[in-house]
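Geometric and topological summary
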Amino acid sequence: MRVAGIDCGTNSIRLLIADTGTQSHAGELTDVVRTMKVVRLGAGVDRTGEFDATALARTLDAVSEYAQLCAEHGVESIRFAATSATRDARNRDEFIDGVVALLGVEPQVLSGQEEATTSFAGAISARGSESASPLIAVDLGGGSTEIALGTADGKIISAFSMDVGCVRMHERHLQSDPVQEQQIQAARIDVRDWLDRAEEVVDLGQARAVIGLAGSVTTITALALGLDEYDPKRIHGTALTLEETDRACEWFIRSTAQEREKLGFMHPGRVDVINAGALVWQEVVRRIAQRMDEAGHVLEHVTTSEHDILDGLALWAARDPNKPRIGE
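Residues numbered from 1 in each chain as written. Predicted model: local features only at pLDDT ≥ 70, side-chain atom pairs only at ≥ 80, totals over all residues. Heavy atoms only, no water.

As annotated in an unreviewed UniProt entry, the protein carries the name Ppx/GppA family phosphatase and comes from Arcanobacterium bovis.

Moving on, we get to the overall build of the protein. Scanning the protein for helices and strands turns up 13 helices and eleven strands. Over its C-alpha trace the protein gives a radius of gyration of 19 Å, about what one expects of a compact globule, namely 20 Å for 328 residues. By its C-alpha atoms, the protein is 55 × 45 × 40 Å across when sized along the principal axes. Counting over 328 residues, the protein shows a buried share of 56%. (Helix = DSSP H or I, 4+ residues; strand = E, 2+ residues; numbered from the N terminus. Rg over C-alpha atoms; globule rule 2.2 N^0.38 Å. Buried < 20%, exposed > 50% of the residue type's maximum accessible area, 1.4 Å probe, protein only.)

Turning our attention to the packing of helix α2 (residues 53-72) against helix α4 (residues 92-103). Their axes nearest at 9 Å, the elements α2 and α4 cross at an angle of 20 degrees. Considered as vectors, α2 and α4 are oriented roughly parallel to each other. Once α2 is placed against α4, the crossing between them reads as right-handed. Counting all contacts with α2, which are made through Leu56, Thr59, Leu60, Val63, Ser64 and Ala67, the residues of α4 involved are Glu94, Phe95, Gly98, Val99, Leu102 and Leu103. A per-class count over the contact of α2 with α4 returns eight nonpolar, three polar and one charged. (Axes fitted to C-alpha atoms, helices over the stretch in contact; angles between N-to-C directions. Parallel < 35°, antiparallel > 145°, perpendicular 65-115°, else oblique. Left-handed = near helix turned anticlockwise from the far one by under 90°. Contact = heavy atoms within 4.5 Å. Nonpolar A, V, L, I, M, F, W, Y, C, P; charged D, E, K, R; others polar.)

A word on the layout of surface pockets. Roughly 760 Å³ of internal volume is contained in the largest pocket. In terms of lining residues, the largest pocket is bounded by 38 residues, among which Arg14, Met36, Arg270, Glu306 and Asp308 are the most central. Sorting the residues of the lining of the largest pocket by element identifies β2 (12-20), β3 (29-38), β6 (135-140), α8 (215-225), α9 (232-235) and α13 (309-319) as the ones contributing at least two each. Considered class by class, the residues forming the lining of the largest pocket number nine nonpolar, 19 polar and ten charged. Composition of the lining of the largest pocket by domain shows at least three residues from each of domain 1 (2-112 + 310-319) and domain 2 (122-308). (1 Å grid on protein atoms, 1.4 Å probe; cavity = no way out; pocket = protein on both sides within 12 Å on 5 of 7 lines; lining within 4 Å. Points joined across faces, edges and corners; volume = space filled by probe spheres on them. Domains from an automatic or database assignment.)

In terms of domains, the protein is made up of domain 1 (2-112 + 310-319) and domain 2 (122-308). Here domain 1 and domain 2 have C-alpha centroids that lie 23 Å from each other. Listed per partner, the contact involves 20 residues of domain 1 and 19 residues of domain 2. Of the roughly 1500 Å² buried between domain 1 and domain 2, counting both surfaces, carbon and sulfur atoms make up 41%. Here domain 1 and domain 2 share two salt bridges between them. Arginine 40 is the partner of aspartate 272 in a salt bridge, and the nearest nitrogen-oxygen pair spans 2.9 Å. The interface formed by domain 1 and domain 2 holds nine residue pairs in polar contact (both at pLDDT 80 or more) in total. Listing elements by their share of the side of domain 1 that touches domain 2, those giving two or more residues are β3, α1 (45-48), α3 (84-88) and α13. It is α13 that provides the largest number of residues to the side of domain 1 that touches domain 2, a total of four residues. Looking at the side of domain 1 that touches domain 2 residue by residue, the class counts come to six nonpolar, seven polar and seven charged. (Buried area = accessible area lost by both parts, 1.4 Å probe. Salt bridge = Lys/Arg side-chain N within 4 Å of Asp/Glu carboxyl O. Polar contact = N/O pair within 3.5 Å; in protein donor to acceptor, adjacent residues only side chain to side chain.)

Strand order in the open sheet made by the five strands is β3-β2-β1-β4-β5, with mixed pairing throughout. A single partner strand is all that each edge strand has here, and the edge strands are β3 and β5 (108-109). Across seven bridges, the pairing between strand β1 (residues 2-8) and β2 is antiparallel. Bridge pairing in β2 links arginine 2 to aspartate 19. Sitting on the sheet, α2 is in contact with β1, β2, β3 and β4 (77-82), with an inclination near 15 degrees to β2. (Pairing = 2+ DSSP bridges.)

This part covers α8. Burial analysis of α8 places nine of its eleven residues in the buried class, which makes it a mostly covered element. Taken as a whole, α8 has its buried residues at Gly215, Ser216, Val217, Thr218, Thr219, Ile220, Thr221, Ala222 and Leu223. Glycine 226, located one to two residues past α8, shows a positive phi value of around 70 degrees.

Strand β11 (residues 301-305) sits mainly inside the fold: four of its five residues count as buried. Note that strand β9 (residues 209-213) and β11 share three bridges and pair parallel. Bridging across to β11, isoleucine 211 finds its partner in threonine 303. The sheet contact formed by strand β10 (residues 239-241) and β11 spans three bridges and is antiparallel. Of the residues in β11, the one forming a bridge with alanine 239 is threonine 303.

Here's what the structure looks like:
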């Protein structure tokens, strides 16, 4: 069965077209197309509570391109998820109606809980059964960060969505270049407050392993690996020590946009927000490591995954078919 998952977040919109087994054996995916565009749909939503017309048009242009790709590749089922920015936007119906007109499927506006569980399913899909358990998957997006604690066989124990992400933190706190110390401290207070709320739901100390998902984490990993260009095969599965993770995050937090632009692996659409993403990742990893240590378990490294909510959506499309009506 040929399926597609489309993940439309605050910063980027991503498409995965994949082949999978039958509806009852839909546990593995073989990539046909995996692509991303940075459209910044959520630009200004944290401040205004609605989508900007230019950002909306930019995003629907990308949806139109993805619809053409799905048609060309004979996609039989699509699951389209809209996440943090769409949850927050008063004029979300304009976006939803536009997607329906182009793809013939209605986007699922995922709750934070649904986003966390779908991300966890995608991350687990690419890991072996020997994985440590329970584990935490952290999906660090543009508008929100999902923390899901679950078992290696995919069972969710608890999950929480925090309203912090690279775009949201950039717009709230880290707009100067380079960022100022008081801005950094204000952002840290914001993230720590959300982590306090997350801990009311998720017992971080239960974890035996941590997986980081999405573009901020993979970009931080590329820096830690010293890559000259973005290489998903090298990035996926990388286990960084806490010291390596902290050092890479700190570099991004303190760097200038000009310094970041020179990195061969850096996507231009992440240059202005990656320092905010690094701050969020640094705070999350530090908090989990602290709680695991208090529980008598040492977090020796964090693992980066190229498989995330996008894979979870493709698996959902196989498990629960949703036939597109492109161009009808």
